[in-house]
Amino acid sequence: MCFNALQRARRERLTVMSDPLATQSWPRLEALARARGGRHLTDLFANDDTRAQRYTATACGLTLDYAKQRIDDDTRMALLELFDEQGVAAAREAMFAGEPINTSEDRAVWHVALRAPDADPMYAPVHEVRQAMAAFAEEVRSGAWTGFDGQTITDVVNIGIGGSDLGPRFVCESLARHEIPRAHFVANVDPHDLDDTLAGLDPARTLVIVTSKSFGTAETLANARVARRWLIAAGASEADIARHFVAVSTNEDKVKAFGIERMFGFWDWVGGRYSLWSAVGLSIMVALGSERFAALLAGAHAMDQHFRDTPAADNLPVWLALTGIWNNNFLGLASHCVVPYAQRMANLPSFLQQLEMESNGKSVTREGAPTTVATVPTIWGSVGTNAQHAYFQMLHQGELAVDLDFILPLSAPEDAGGEREIERVANCLAQAEALMCGRDRQALRGELEAEGLSGQALEHRLAARQFAGNRPSNTLVMDALDAHHLGALIAAYEHKAFVQGMIWNINSFDQWGVELGKAMAGQLVKDLAADNTPSAHDGSTDRLLAQVRAHW
Ligand code: F6P
């Protein structure tokens with residue numbers, strides 16, 4: 001079979017995945033949810049000594065405990081059948097083979113190639129860029145690369161947004177330990193983001209990395225222009241700019257037109273939200289060094305291998321995905337909260353918001369028809385234990401039921417057993433347990449009676465303090481918060497998004513929904529200019545526009 005025919009055959013194989021409602025497993029899962037979805041988690045444990053062991057998946061130093069999900073063995077089997085019936089394994093092969101599974105843009109989705117081992121000649125262009133990044137990072141870190149007045153670089157500012165910001169920001173914040181150069185991340189076009197960042201920095205010792213796949217994102221270019229003026233105002237000549245500005249992009253022409261000489265490239269088959277492994281990770285490499293960047297890639301690659309080679313029943317990313325599908329599509333939990341119990345991982349929820357909601361926030365199928373099932377739930381969250389003192393009340397007793405991922409990195413040796421570490425770990429485990437168990441009505445009644453309450457007062461207090469529990473969660477334990485385990489964690493969530501998108505039969509790799517707002521912003525930028533007659537919008541937008549113009 002010639003290459004084209006092979007491609008065609010593979011594409012046809014991909015279209016095997018179709019309406020999830022047409023599978024045999026979907027109605028079975030609906031029936032299971034109706035019949036058993038309401039069963040209390042504590043009963044599931046009561047009848048099964050081995051549940052905790054059996055409902056655990058481990059890979060690459062990560063342990064996913066999904067025993068606190070409202071599933072039993074039959075549900076588990078039916079979910080695995082759904083995985084099979086929707087052809088996820090074949091689609092996974094197509095992704096790993098670099099086939100154009102991003103059908104609306106006819107592009108491959110090949111971020112797994114970015115972390116493939118160096119020895120494989122198939123990935124030579126990837127390795128060339130990585131070597132160039134490493135050489136540059138080493139120059140900066142060693143002090144060989146200097147700013148316009150000969151001083152070494154102490155601060156690196158990554159200017160980028162979305163996928164050109166969230167991944168590198170999350171990784172640097174998770175792993176940096178007060179090293180020089182320090183990494184800073186500026187995404188927002190609100191002047192205070194860049195201005196406040198630059199206010200603390202010495203221009204002569206600052207390197208700016210302008211990161212934009214398209215090099216057309218208005219916010220990024222506006223911030224980059226201001227940063228450039230800041231350097232010039234500090235005494236740098238036009239020629240000096242090359243010592244302070246580098247770009248990461250796929251668009252060489254636009255980078256040149258902007259006036260940046262040095263560019264680290266990547267490819268259209270790297271989606272923005274999957275790009276931290278590419279040159280988009282340059283800020284990571286400069287801040288943390290190429291060895292830790294290599295460890296990050298190695299962790300992700302180990303997870304890739306696990307995802308590709310491990311049967312679905314024991315596959316960690318598959319269970320992240322299937323538990324999410326069960327909660328969202330069958331139990332109707334359309335709100336998913338992620339709570340890392342690690343201050344340094346505070347930006348994980350923001351990273352996952354783009355990864356999962358930009359990937360799977362879709363309502364048309366791969367064939368362009370309306371979807372027949374719910375797709376991505378709302379993803380949100382923040383760091384524990386702080387979150388407990390903000391919105392956990394709602395998670396325990398609110399009307400809206402939410403399912404959670406608790407992320408628990410095990411302690412570094414120097415922290416293990418310390419008072420605050422014990423609190424951190426205890427609180428994480430306690431919240432998952434409390435959400436599951438709730439507050440037993442009879443036991444609570446006994447406690448209140450022991451406190452001397454009776455009659456109406458007791459009933460009133462009982463109603464306020466009792467809650468049913470049965471709120472499902474995953475607990476994902478990381479053996480350590482280091483580059484390897486972080487790479488594995490991020491890759492696991494990438495594969496979760498992939499599996500869910502394939503089961504929902506949507507294209508997880510385009511983001512057409514954000515285009516209209518960008519275009520309208522372009523028009524409104526013109527309309528806000530004082531000397532411009534604004535174009536007509538809807539009544540509300542026209543009134544707001546007039547108010548802002550009058551204020552200026
Ligand atoms: O928000 C839309 C989006 O296109 C994201 O997908 C992307 O990560 C981000 O904007 C930034 O795009 P770029 O890297 O091209 O500046």
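Being a predicted model, the structure only gives us computed values, none of them experimental.

Before going further, it helps to examine the sheet that holds strand β2 (residues 62-65). Sheets are built from strands paired through backbone hydrogen bonds, the pairs being either parallel or antiparallel. Taken together, the six strands give an open sheet; going across it, the order is β1-β2-β11-β10-β8-β9, and neighbouring strands pair in mixed fashion. Two strands bound the open sheet, and with one partner strand each, they are β1 (56-59) and β9 (378-380). For this sheet, the mean inter-axis angle between neighbouring strands, taken without regard to orientation, is 15 degrees. Bridge count for β2 against strand β11 (residues 473-478) is four bridges, and the pairing is antiparallel. Bridge assignment links Leu 62 to a residue of β11, and that residue is Met 478. Across the sheet, helix α15 (residues 316-330) lies against β1, β2, β10 (403-409) and β11, angled at about 25 degrees from β2, the strand it touches most. Contacts from helix α16 (residues 348-360) reach β8 (335-340), β9 and β10, with the element oriented near 160 degrees to β9.

Contact geometry for helix α6 (residues 88-96) and helix α21 (residues 483-504): axes closest at 10 Å, N-to-C directions at 125 degrees. One finds that α6 runs oblique with respect to α21. As α6 packs across α21, the resulting crossing turns out to be right-handed. Between α6 and α21, the contacting residues are Val 88, Ala 91, Arg 92 and Met 95 on the first element and His 495, Phe 498, Val 499, Met 502 and Ile 503 on the second.

Moving on: the side chain of Asp 165. One can find Asp 165 in the loop between β3 (155-159) and α8 (166-175). Taking the relative accessible area as the measure of exposure, Asp 165 reaches 4% and is therefore buried. Excluding its chain neighbours within four sequence positions, the residues that come into contact with Asp 165 are Asn 158, Gly 160, Phe 185 and Ala 187.

We now examine the UniProt feature "active site" (unreviewed entry) in the protein. Taking the UniProt record as the reference, the feature "active site" (unreviewed entry) is found at Glu 358, His 389 and Lys 518. Over a stretch of 161 residues, the named residues are scattered through the fold, their C-alpha atoms separated by up to 36.5 Å. Inspection of the secondary structure puts Glu 358 in helix α16. A distance of 2.7 Å separates polar atoms of two side chains, one belonging to Glu 358 and the other to Arg 273. For Lys 518, the location among the structural elements is in helix α22 (residues 515-528). According to the relative accessible area criterion, Lys 518 is partly exposed, its value standing at 48%.

Among the 14 residues in the neighbourhood of the ligand, the closest are listed as Ser 164, Ser 212, Ser 214, Thr 217 and Glu 358. A distance of 2.6 Å is found between an oxygen atom of the ligand and a side-chain nitrogen or oxygen belonging to Ser 212. For the ligand, an oxygen atom lies 2.7 Å from a polar atom in the side chain of Glu 358. Look at the ligand: alone it shows 390 Å² of surface, and the protein chains cover 86% of it. Residue composition of the shell around the ligand, grouped by class: two nonpolar, nine polar and three charged.

A few words on the nonpolar core. Ranked by size, the top nonpolar core spans 113 residues in total, and within it Met 345, Leu 486 and Phe 498 carry the most contacts. For this core, the leading source of residues is α21, giving 14 residues. Sequence-distant contacts of Leu 486, that is, excluding residues within four places in its chain, are made with Phe 170, Val 171, Ser 174, Leu 175, Leu 296, Met 345, Met 478 and Leu 481. In terms of nonpolar packing, the next biggest core, distinct from the first, is built from 21 residues, Ile 159, Leu 198, Phe 215 and Ala 236 among them.

Rules of the game
- Residues numbered from 1 in each chain as written.
- Predicted model: local features only at pLDDT ≥ 70, side-chain atom pairs only at ≥ 80, totals over all residues.
- Heavy atoms only, no water.
- Pairing = 2+ DSSP bridges.
- Helix = DSSP H or I, 4+ residues; strand = E, 2+ residues; numbered from the N terminus.
- Axes fitted to C-alpha atoms, helices over the stretch in contact; angles between N-to-C directions.
- Contact = heavy atoms within 4.5 Å.
- Parallel < 35°, antiparallel > 145°, perpendicular 65-115°, else oblique.
- Left-handed = near helix turned anticlockwise from the far one by under 90°.
- Buried < 20%, exposed > 50% of the residue type's maximum accessible area, 1.4 Å probe, protein only.
- UniProt positions renumbered as here; feature names shortened; annotations may be inferred.
- Polar contact = N/O pair within 3.5 Å; in protein donor to acceptor, adjacent residues only side chain to side chain.
- Near = heavy atom within 4 Å.
- Areas by Shrake-Rupley, 256 points an atom, 1.4 Å probe, with all protein chains shown as cover.
- Nonpolar A, V, L, I, M, F, W, Y, C, P; charged D, E, K, R; others polar.
- Core = buried A, V, L, I, M, F, W, Y, C linked by side-chain atoms within 4.5 Å.

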